[in-house]
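# Summary of the model geometry
Each chain, letter by letter, is given below.
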Amino acid sequence: MKSSHAADLSVPRTGKSEVTTLDHAGAATLPLLLTVEEVAEQLHIGRTKAFAMVKSGEIESVMIGERGRRVPREAVIEYIARLREQG
């Protein structure tokens with residue numbers, strides 16, 4: 001029997017008012033790179049918490065240019081997988 005603990009990710013389609021909920025398999029529709037603010041939205045956590053998780057390396061990020069930090073969508077998926085393993 002499959003686990004019913006699908007990772008729910010909300011992905012804005014045309015703006016912040018229209019949101020579609022996706023399961024883990026549908027996460028491929030997320031942008032390739034997300035801002036830390038977008039990660040906070042997807043995980044339903046605050047900006048401050050999301051920035052702390054990126055700064056500590058809990059969620060992987062990459063630099064784009066001199067000041068642009070982005071989080072690969074795979075890093076978000078891996079973070080959710082680690083949470084699921086922890087129970």
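See the structure printed just above.
About the thresholds
Residues numbered from 1 in each chain as written. Predicted model: local features only at pLDDT ≥ 70, side-chain atom pairs only at ≥ 80, totals over all residues. Heavy atoms only, no water. Helix = DSSP H or I, 4+ residues; strand = E, 2+ residues; numbered from the N terminus. Buried < 20%, exposed > 50% of the residue type's maximum accessible area, 1.4 Å probe, protein only. Contact = heavy atoms within 4.5 Å. Areas by Shrake-Rupley, 256 points an atom, 1.4 Å probe, with all protein chains shown as cover. Pairing = 2+ DSSP bridges.

All right, on to the overall build of the chain then. When you go through the chain residue by residue, the secondary structure sums to three helices and five strands. Taken from N to C terminus, the helices and strands of the chain fall in the order β-β-β-α-α-β-β-α. Burial status across the chain gives 33% buried among its 87 residues. Contacts in the chain between residues far apart in sequence, at least 24 positions, make up 42% of those at least 6 positions apart. For the chain, the exposed surface amounts to about 6,000 Å²; the carbon and sulfur share of it is 52%.

Our focus in this paragraph is the environment of Val-71. Considering the arrangement of structural elements, one finds Val-71 in strand S5 (residues 68-72). The exposure class assigned to Val-71 is buried, which follows from its relative accessible area of 0%. It is 6.2 Å that separates the C-alpha atoms of Val-71 and Thr-35, two residues lying 36 residues apart in sequence. Excluding residues that lie within four positions of it along the chain, Val-71 makes contacts with Leu-32, Leu-33, Leu-34, Val-36, Val-39, Val-54, Ile-59, Glu-60, Ser-61 and Val-76.

Below, the discussion takes up the pairing of S5. By the bridge criterion, two bridges tie strand S3 (residues 33-34) to S5 in an arrangement that is antiparallel. Bridging across to S5, Leu-33 finds its partner in Pro-72. Judged from the three bridges that link them, strand S4 (residues 62-64) and S5 form a sheet pairing that is antiparallel. Along S5, the bridge assignment pairs Val-62 with Arg-70. Counting the residues that bridge the hairpin from S4 to S5 gives three residues, and of these Gly-65 lies at a positive phi of roughly 75°.

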